[in-house]
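Structural overview for review
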Amino acid sequence: MLLEDLNAMAEKVKAERKPTCVRCCMSAGCMSSQSDEIKKTLEKAVADKQLGDQIEVRRVGCMGLCGQGPLVGVEPQGALFERVTPENAASIVDALAGGTTQAELGDPARPFFARQLPVVSTNSGRIDPERIEDYIEAGGYGALHQVLHEMQPAQIVESIVHSGLRGRGGGGYPTGLKWATVAKSKGERKYVICNGDEGDPGAFMDRSVLESDPHAVLEGMAIAGYAVGASHGYLYVRAEYPLAISRLQIAIRQARQHGLLGDGIFESTFNFHLEVRIGAGAFVCGEETALMASIEGRRGQPRPRPPFPAESGLWGFPTLINNVETFANIVPIIRRGADWYASLGTEKSKGTKVFALTGKIKNNGLIEVPMGITIREIIEELGGGAPDGSTIKAVQTGGPSGGCIPAELFDTPVDYDSLMKVGSIMGSGGMVVMDDTTNMVDVARFYMQFCMEESCGKCIPCRAGTVQMYNLLNKILERKATLKDLESLEDLCDMVKHTSLCGLGQTAPNPVISTLRYFRNEYLELLQPEAGENHAHANGKPAEAASPTT
Amino acid sequence: MKVARPPLPSQDKRWKIIDAKMRKLGYQPHALIETLHAVQQAFGYLDEVALLWVAKSLRVPPSKVYGVSTFYNFFTLKPQGAHTCVVCLGTACYVKRGAKILEAIEVYTKIKSGETTDDRQLSLLTVRCIGACGIAPAVVYDGNVVGRLTPEESIEKLKGYVHVA
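These numbers come from a predicted model, not from an experiment. (Residues numbered from 1 in each chain as written. Chains lettered and ligands numbered in written order. Predicted model: local features only at pLDDT ≥ 70, side-chain atom pairs only at ≥ 80, totals over all residues.)

Thoughts on the overall build of chain A
Cut-off, in case you're wondering: To qualify as a helix, a DSSP run of H or I must reach at least 4 residues; to qualify as a strand, a run of E must reach at least 2; elements of each kind are numbered from the N terminus. Radius of gyration here uses only the C-alpha atoms, and the compact-globule reference equals 2.2 Å multiplied by the residue count raised to the power 0.38. Between the buried cut of 20 or more and the exposed cut of 12 or fewer other C-beta atoms within 10 Å of a residue's own C-beta lies the partly exposed class, and all C-beta atoms are placed from the backbone. Contact definition: two residues whose C-beta atoms, as placed from backbone geometry, lie within 7 Å.
For chain A, the helix and strand inventory stands at 23 helices and 14 strands. Taking 24 Å as the expected radius of gyration for a compact globule of 550 residues, we find that chain A reaches 25 Å, a close match to that expectation. Overall size of chain A, expressed as C-alpha extent along the three principal axes, is 85 × 65 × 40 Å. Relative to its 550 residues, chain A shows a buried fraction of 55%. The contacts in chain A between residues at least 6 apart in sequence include a share of 73% that link residues at least 24 apart.

Observations concerning the sheet that holds strand S4 (residues 79-82) of chain A
Residue and element names in this part refer to chain A. Worth spelling out the cut-off: At least two DSSP bridges between two strands are required for those strands to pair. All axes here are fitted lines through C-alpha atoms, helices being fitted over the stretch that makes contact, and every angle between N-to-C directions spans 0 to 180 degrees.
The strand order S2-S1-S3-S4-S5 describes an open sheet built from five strands, whose pairing is mixed. Either end of the sheet is taken by a strand with one partner, and the two such strands are strand S2 (55-60) and strand S5 (104-106). Put simply, the sheet's adjacent strands are angled 25° from each other on average, direction ignored. With three bridges connecting them, strand S3 (residues 72-75) and S4 associate as antiparallel partners. Across the sheet, residue Val-74 finds its bridge partner in S4, namely Ala-79.

Notes on the interface of chain B and chain A
What counts is decided by this rule: Side-chain classes are defined by residue name, with Ala, Val, Leu, Ile, Met, Phe, Trp, Tyr, Cys and Pro counting as nonpolar, Asp, Glu, Lys and Arg as charged, and the others, Gly among them, as polar.
Taken residue by residue, the interface counts 32 residues in chain B and 40 residues in chain A. When contributions to the side of chain B that touches chain A are tallied by element, the ones reaching two or more residues are helix H2 (32-43), helix H4 (62-71), helix H5 (91-95) and strand S4 (144-146) of chain B. By residue number, the principal contributor to the side of chain B that touches chain A is H5 of chain B, which donates four residues. Taken together, the residues of the side of chain B that touches chain A sort by class into 21 nonpolar, 10 polar and one charged.

Side note on the environment of Gly-383 of chain A
Residue and element names in this part refer to chain A. With respect to the helices and strands, the residue Gly-383 is situated in the loop between helix H16 (375-382) and strand S12 (392-397). Remark: the alpha-carbon pair of Gly-383 and Val-46, spanning 337 residues in sequence, is separated by 35 Å. Those residues within four positions of Gly-383 in sequence are excluded, and the remaining contacts are Leu-357, Ile-361, Lys-362, Asn-363, Ile-378 and Val-433.

Side note on the confidence of the model for chain B
Note the threshold: The pLDDT value expresses, per residue, how confident the predictor is, ranging between 0 and 100.
On average, residues of chain B score 92 in pLDDT, and 96% of them reach the 70 mark or higher. What the predictor reports for the complex is a pTM of 0.93 with an ipTM of 0.92.

Regarding the sheet that holds strand S10 (residues 352-359) of chain A
Residue and element names in this part refer to chain A. The five strands lie next to each other as S11-S10-S14-S12-S13, forming an open sheet whose pairing is mixed. Lying at the two open borders of the sheet, with one neighbouring strand each, are strand S11 (365-370) and strand S13 (403-406). Neighbour-to-neighbour, the strand axes of the sheet open up by a mean angle of 30°, direction not taken into account. Where S12 lies against S13, four bridges are found, and the strand directions are antiparallel. Each residue of the ladder has a partner; that of Ala-394, found in S13, is Pro-406.

Section: H4 of chain B
Residue pairs spaced three or four apart in an α-helix point in one direction, given the helix's 3.6 residues per turn. Along H4 of chain B, the residues classified as buried are Val-65, Val-68, Ser-69 and Phe-71 of chain B. Contacts from the buried residues of H4 of chain B go to H2 and helix H3 (48-58) of chain B.

Side note on the environment of Tyr-161 of chain B
All names here are of chain B. As for its position among the elements, Tyr-161 is in the segment after helix H7 (151-156). With 137 residues separating them along the chain, Tyr-161 and Lys-24 place their C-alpha atoms 38 Å apart. Setting aside its immediate chain neighbours within four residues, Tyr-161 contacts His-83, Gln-121 and Leu-122.

Considering the confidence of the model for chain A
Model confidence for chain A is summarised by a mean pLDDT of 94, while 97% of its residues fall at 70 or above. Below a pLDDT of 50 lies the segment residues 535-550 of chain A, which in the model reaches 17 contacts outside its immediate sequence neighbourhood of four places, other chains included.

So, the environment of Thr-91 of chain B
Turning to its location among the elements, Thr-91 of chain B is positioned in helix H5. For Thr-91 of chain B, a count of 31 C-beta atoms within 10 Å gives the class buried. Taking the C-alpha atoms as reference points, Thr-91 of chain B and Ala-136 of chain B, separated by 45 residues in sequence, lie 9.3 Å from one another. Those residues in contact with Thr-91 of chain B, other than ones at most four positions away along the chain, are Pro-201, Gly-202, Gln-396, Gly-399, Gly-430 and Val-432 of chain A.

Re unusual backbone geometry
Omega for the peptide link from Gly-69 of chain A to Pro-70 of chain A comes to 0°, which places this bond in the cis form. Note that Pro-70 of chain A resides in the loop between S2 and S3. Along the chain, Glu-75 of chain A connects to Pro-76 of chain A via a cis peptide bond; the corresponding omega equals 5°. Structurally, Pro-76 of chain A can be placed in the loop between S3 and S4. At Arg-97 of chain B, a residue that is not glycine, the phi angle is positive and equals roughly 65°. Inspection of the secondary structure assignment puts Arg-97 of chain B in the loop between H5 and helix H6 (98-109). Judged by the 17 C-beta atoms lying within 10 Å of it, Arg-97 of chain B falls in the partly exposed class. Positive phi, close to 60°, is recorded for Lys-110 of chain B, a residue that is not glycine.

A look at the domain arrangement of chain A
All names here are of chain A. Inclusion rule: Domain segmentation is taken from an automatic or database assignment of domains.
Under the domain assignment used here, chain A contains domain 1 (17-108), domain 2 (140-340), domain 3 (352-433) and domain 4 (440-524). Each of domain 3 and domain 4 has a C-alpha centre, and the two are 23 Å apart. The partner domain 4 presents 15 residues to the eight residues of domain 3 that form the contact. In terms of residue class, the side of domain 3 that touches domain 4 is made up of three nonpolar, five polar and no charged.

Quick word on the pairing of strand S1 (residues 20-25) of chain A
Residue and element names in this part refer to chain A. Judged from the six bridges that link them, S1 and S2 form a sheet pairing that is parallel. Bridged to Val-22 within S2 is Val-57. Of the strand pairs in this sheet, S1 and S3 are connected by four bridges, and their pairing is antiparallel. What sits directly across from Arg-23, in S3, is Gly-73.

Structural data, given as structure tokens:
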């Protein structure tokens with residue numbers, strides 16, 4: 001394939017477009033509410049009314065507002081219908097033909113949409129993720145052509161460094177630096193791996209990117225392969241995401257057919273081959289060395305670093321490993337320039353971040369916002385605040401590795417360093433909102449149970465420490481613990497944090513540490529007086545009272 | 001060098017599908033997880049016959065095959081019921097009381113998470129987040145995700161498969 005072929009293809013698709021496009025979300029969230037039925041109904045209604053030359057019904061990826069799904073959008077009118085049902089879907093076509101519709105009309109100008117800044121999600125909800133033609137029409141694979149014919153690998157790395165992009169998987173390691181290290185490493189082979197093992201409960205950004213715009217990830221990986229000198233890549237995706245896996249496999253097949261993956265891409269000497277590897281349900285496989293062990297067909301257990309994967313990774317070869325969202329940022333950086341990207345966000349956290357906003361909040365869904373926006377803006381403006389008059393108490397970011405940020409700190413800007421300062425982490429982008437009905441000690445126990453069950457068992461601090469911490473949290477919730485137990489819990493947090501082998505163990509105490517920091521009272525209220533202490537406890541609650549589970 | 005491969009365990013055509021998967025990956029030891037996925041997809045679970053045959057075919061020690069099969073939550077060594085009900089216990093579902101749904105289903109079906117009913121009609125499982133947080137709390141019935149459920153509704157969906165004495 002040549003640039004002319006690519007442009008010709010885009011022109012052809014453009015010419016075939018109908019004046020009106022009805023976009024039907026076919027992402028996992030809306031699919032579960034029968035959006036496939038809705039699409040069929042819409043198609044039938046268009047055929048019945050003989051509007052086939054006027055209206056196109058398009059399968060698209062996530063439009064973001066998953067909580068109000070299934071969503072149907074209409075272009076160019078810009079209308080957005082929410083909670084559409086197979087019964088009222090046909091009436092949307094009636095409305096386009098001059099009639100009326102029973103479907104619920106949403107406001108596409110509301111802050112949930114208006115305050116977003118789509119970079120990674122530009123194509124999401126607009127193009128058909130199962131048609132490479134749609135991606136190419138949107139300018140897809142142009143960036144790959146550009147780097148292969150106009151840029152040296154070192155220039156690409158320089159550009160990524162200059163953009164200030166940091167790893168979107170949670171750690172926030174500078175992406176350019178990682179690329180530079182892999183590019184410099186010597187090895188007879190090199191690998192590029194995309195980490196799609198989105199294990200954080202409460203996060204689904206990567207699922208959405210893979211389901212809505214899979215080619216953007218493939219193109220980003222191919223550019224990375226050229227930049228660091230790798231000709232093979234793996235996409236490691238969780239088995240819990242069957243739709244994402246199937247769309248990736250379709251995308252890889254299409255890209256191969258069009259010569260956009262494989263040997264001699266765009267008539268250059270660059271070869272790049274990609275394979276999907278399916279995870280098997282292990283949270284620890286999000287850790288890079290465990291993930292590579294899993295690709296090698298072994299148990300997903302991490303190993304000590306160094307050597308880092310950049311020097312000795314998959315099968316001992318230098319390996320570049322980045323998160324899905326990181327790769328999805330590459331194409332926009334190449335296309336619009338590193339300067340443009342560096343102009344977004346804050347001084348040390350550039351660009352945008354996709355968040356999954358869920359829990360006790362009015363607008364549930366995916367948002368992409370510039371770094372530096374405050375938590376308050378996200379919760380109150382985009383999220384629309386608490387539903388049915390309850391009071392929001394905290395927001396949890398970073399999943400089992402992160403922490404809870406209390407309402408009084410909601411003016412904290414969302415960037416890697418500020419979140420770290422308040423005791424949480426950016427994480428991969430899950431934001432779970434909790435209201436006054438949520439018991440924070442129970443939240444801590446929930447995460448500790450998760451870490452305990454997901455601990456791979458290799459190092460003792462994590463394997464045994466998480467069990468002990470879980471037992472102590474249980475004891476506190478059963479109102480059987482004393483101040484001494486709380487002290488042991490704090491000691492254990494410190495020990496597990498500093499002595500575990502990998503990120504899972506090192507961050508497992510975070511939910512406990514952060515809830516202790518901001519909601520210590522909730523712990524103290526559950527404590528019992530020490531044995532031998534004869535004065536009444538501050539609360540004086542009887543030991544046999546039921547534990548306050550939520 | 002040509003290496004002799006073990007014969008298929010039986011005439012069952014599903015073994016051929018699995019063998020094809022291993023061939024595609026060159027019978028390399030690193031094909032283990034992909035192969036186990038294929039076995040589970042074909043048979044619903046991993047039994048001893050399958051594990052030993054995969055071990056021989058990929059020249060991986062049976063201990064390692066067993067280790068991998070038990071390390072990952074997705075693999076099961078027990079046959080599953082005709083229907084599956086997977087309750088999501090991710091954070092968003094937890095905040096929206098997903099645990100109450102599990103509790104209601106456990107009471108209704110009289111089985112615990114990870115078990116199968118005596119008549120092999122239903123297996124009850126839990127999962128750590130299926131990424132359907134926007135529609136929490138969610139349950140997956142036979143592979144179909146259903147969101148925004150109440151404990152009562154979650155039982156309603158099971159009435160077809162479970163015969164309560």
